[in-house]
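Secondary and tertiary structure notes
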Amino acid sequence: MAEKKNQHYVPKFYLRHFSKSGSCISVYNFKSSKVIAQASIDGQASKKYFYGRDLFLENRLGELEGQVGSIFADILKRRRLPLRTDDKFRTLCLFMMIQDSRTTASVSKLNEMANKLGKEMLRRSIKDPELLAHLPDLQISMSYPFSMLFKQSIGMEPIMRDLKLKIIHNVSSVPFIASDHPVVFQNQFYDNISDNRCRGLASAGLQILLPISPQYMLMFYDDVVYDVGSIATNFVRVPSEEQIEALNGHQWIGAMGNVFFPEGADTDRLLKMAQKYIPLRKQERVDLTITSLNDDESQQKEVIKISSSISHVARLSICRPRIKKTTLSDGYFPLRNDFWVASVRQWERALMTGQISFDEFWLLTTKVPTVKKRPRANFGRNTTLERRGLL
């Protein structure tokens, strides 16, 4: 079907929320360092047959986007959020996970990870000096990156459903902006720690952010760690231009190639603010570090750690800590609910190996145990899951 060959990795319905006309949007392109004042939404964040010619993923994504479009309408027009026990909440969580994984930035990151890790393994196994000399020229990538990324998104979605959802209502004169990689993971509770594991999906203190219009942003957060706004409302007003600028900073840093904002926005002002964050962009999105565990050369063991190189944190005054921060032991980070994570990972493996169907997986993960009070002893504890890097 020719009409579906232009496949979007950021949905058109999403970009329309940042458009005044509904058909055009302003774009800052990093490659040209120029602003396109009015660009067609149809041509943004898309590639020809990005998900394949069989249209299977494209059609499934279209169904999900239709459901999420209705949820967004409830939020933006009726100021109504789905309850954590509602199927709409789970649909929104699934959209967040898939949106994070479906972009060119995520594919690039996965391929960079495969390339660096693959070369490191080859470096240890190749003995021929001539072959080793050509290793830097070798490029290793995944054959079907979307298959892995989508499966991970579906399998990991239940882990985020213990997070609470509120809406950041931007009442400043600076609009929220979006990008071609708009979902953001951050951890304000551990804002002095650059280690990527504190922003893992299961980590205590996690915040997941997504701007959905120039005035509104979704914020999923760990409500054991934070109080956010008033208990009386799910819409939390933020008048601070500085904090909106910091939230926009994620889009400037995390974008693969383009940042989006409404036509007619104060471009000079936005670009002036962006100069603080654009220098933080990195060509390489993955850090690979090797740590020796044993000084004995005959029995030397090493740990290879792969992490994201992005560490910007928007410090929001609306997020007030409910617990005291304690010293972390050996750099390990606590999970929000280690029992639930272990259960989900077990069911995920069964799903991926064909032992259970997707419907069975969905039923198994319908109810999420909510931890009302997290023991302080959990903070800094080295659990088995933490040692395995499942944060």
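Source: prediction; values computed, not measured. (Residues numbered from 1 in each chain as written. Predicted model: local features only at pLDDT ≥ 70, side-chain atom pairs only at ≥ 80, totals over all residues. Heavy atoms only, no water.)

**Some words on the environment of Leu117**
Stated precisely, the cut-off is as follows: A run of H or I in DSSP counts as a helix once it spans at least four residues, and a run of E counts as a strand once it spans at least two, with each numbered from the N terminus. Exposed residues in this analysis have more than 50% of their type's maximum accessible area, buried residues have under 20%, and partly exposed residues fall in between, with area computed by a 1.4 Å probe over protein chains only.
With respect to the helices and strands, Leu117 occurs in helix H4 (residues 104–125). A relative accessible area of 32% places Leu117 in the partly exposed class. Residues Leu117 and Ile140, spaced 23 residues apart in sequence, show a C-alpha to C-alpha distance of 9.1 Å.

**Considerations on the nonpolar core**
Definition in use: In this text, buried Ala, Val, Leu, Ile, Met, Phe, Trp, Tyr and Cys residues form a nonpolar core when linked through side-chain atoms within 4.5 Å.
Core analysis: the biggest nonpolar cluster contains 56 residues, and Tyr14, Phe72, Met160, Ile208, Leu210, Leu218 and Phe220 have the highest contact counts within it. With eight residues, the top contributor of residues to this core is helix H3 (residues 87–101). Counting 37 residues, the second largest nonpolar core, distinct from the first, contains Tyr28, Phe30, Val228 and Cys319.

**Looking at the pairing of strand S9 (residues 216–221)**
Within a regular strand, the side chains alternate between the two sheet faces. For clarity, the threshold we go by: At least two bridges found by DSSP between two strands are what make those strands a pair.
Burial runs high along S9: six of the six residues are buried. Here S9 shows a buried face lined by Tyr216, Leu218 and Phe220 and a second buried face lined by Met217, Met219 and Tyr221. Two strands pair when backbone bridges link them, and strand S5 (residues 164–170) and S9 are joined in this way by six bridges, in the antiparallel orientation. Paired with Ile167 across the bridge in S9 is Leu218. Relative to S9, strand S8 (residues 207–211) runs antiparallel, the two sharing five bridges. Note that in S9 the partner of Gln207 across the bridge is Tyr221. Between S8 and the antiparallel strand that follows it, S9, lie four residues.

**Re the sheet that holds S5**
Let me state the cut-off plainly: Lines fitted to C-alpha atoms define the axes, with helix axes restricted to the stretch in contact, and inter-axis angles between N-to-C directions lie between 0 and 180 degrees. Contacts were defined at the residue level, with two residues in contact if any of their heavy atoms lie within 4.5 Å.
Across the sheet, which stays open at both edges, the five strands sit in the order S7-S8-S9-S5-S11 with mixed pairing between neighbours. Of all strands in the sheet, those bounded by a partner on one side alone are strand S7 (184–186) and strand S11 (235–238). Sheet twist, expressed as the average angle between the axes of neighbouring strands with direction ignored, equals 30°. Set on the sheet, helix H2 (residues 56–78) makes contact with S5, S8, S9 and S11; between it and S9 the angle comes to about 115°.

**What about helix H7 (residues 241–254)?**
Helical periodicity: at 3.6 residues per turn, an α-helix aligns residues three or four positions apart in one direction. Let me state the cut-off plainly: A helix is expected to reach a length of 1.5 Å times the quantity of its residues less one. In the analysis that follows, any N or O atom pair within 3.5 Å is treated as a polar contact, provided that within protein one partner can donate a hydrogen and the other can accept it, and provided that, for residues neighboring in sequence, both atoms belong to side chains.
Its 14 residues place the ends of H7 20 Å apart at the C-alpha level, agreeing with the 20 Å of an ideal helix rising 1.5 Å per residue. Buried residues dominate H7, accounting for twelve of its 14 residues. Residues of H7 that are buried: Gln243, Ile244, Glu245, Ala246, Leu247, Asn248, Gly249, His250, Gln251, Trp252, Ile253 and Gly254. N-cap assignment for H7: the residue whose side-chain oxygen lies 3.3 Å from the backbone N of Glu242 is Ser240.

**Side note on the pattern of salt bridges**
Put simply, the rule reads: A carboxyl oxygen of Asp or Glu within 4 Å of a side-chain nitrogen of Lys or Arg is what we treat as a salt bridge.
Per the stated rule, a full pass over the model turns up 17 salt bridges. Note that Asp162 is salt-bridged to Arg336, the shortest N-O span being 3.0 Å. In this pair, Asp162 is assigned in the loop between helix H6 (145–156) and S5 and Arg336 in the loop between strand S15 (319–321) and helix H9 (338–352), connecting sequence segments 174 residues apart. Owing to a relative accessible area of 12%, Asp162 belongs among the buried residues under this scheme. Put simply, Arg315 and Asp191 hold a salt bridge, and the shortest N to O gap is 3.1 Å.

**Observations concerning the sheet that holds strand S3 (residues 34–40)**
Spatial strand order, S3-S2-S12-S6: four strands in an open sheet with antiparallel pairing. Strands with a single pairing partner mark the edges of an open sheet, and in this sheet they are S3 and strand S6 (178–179).

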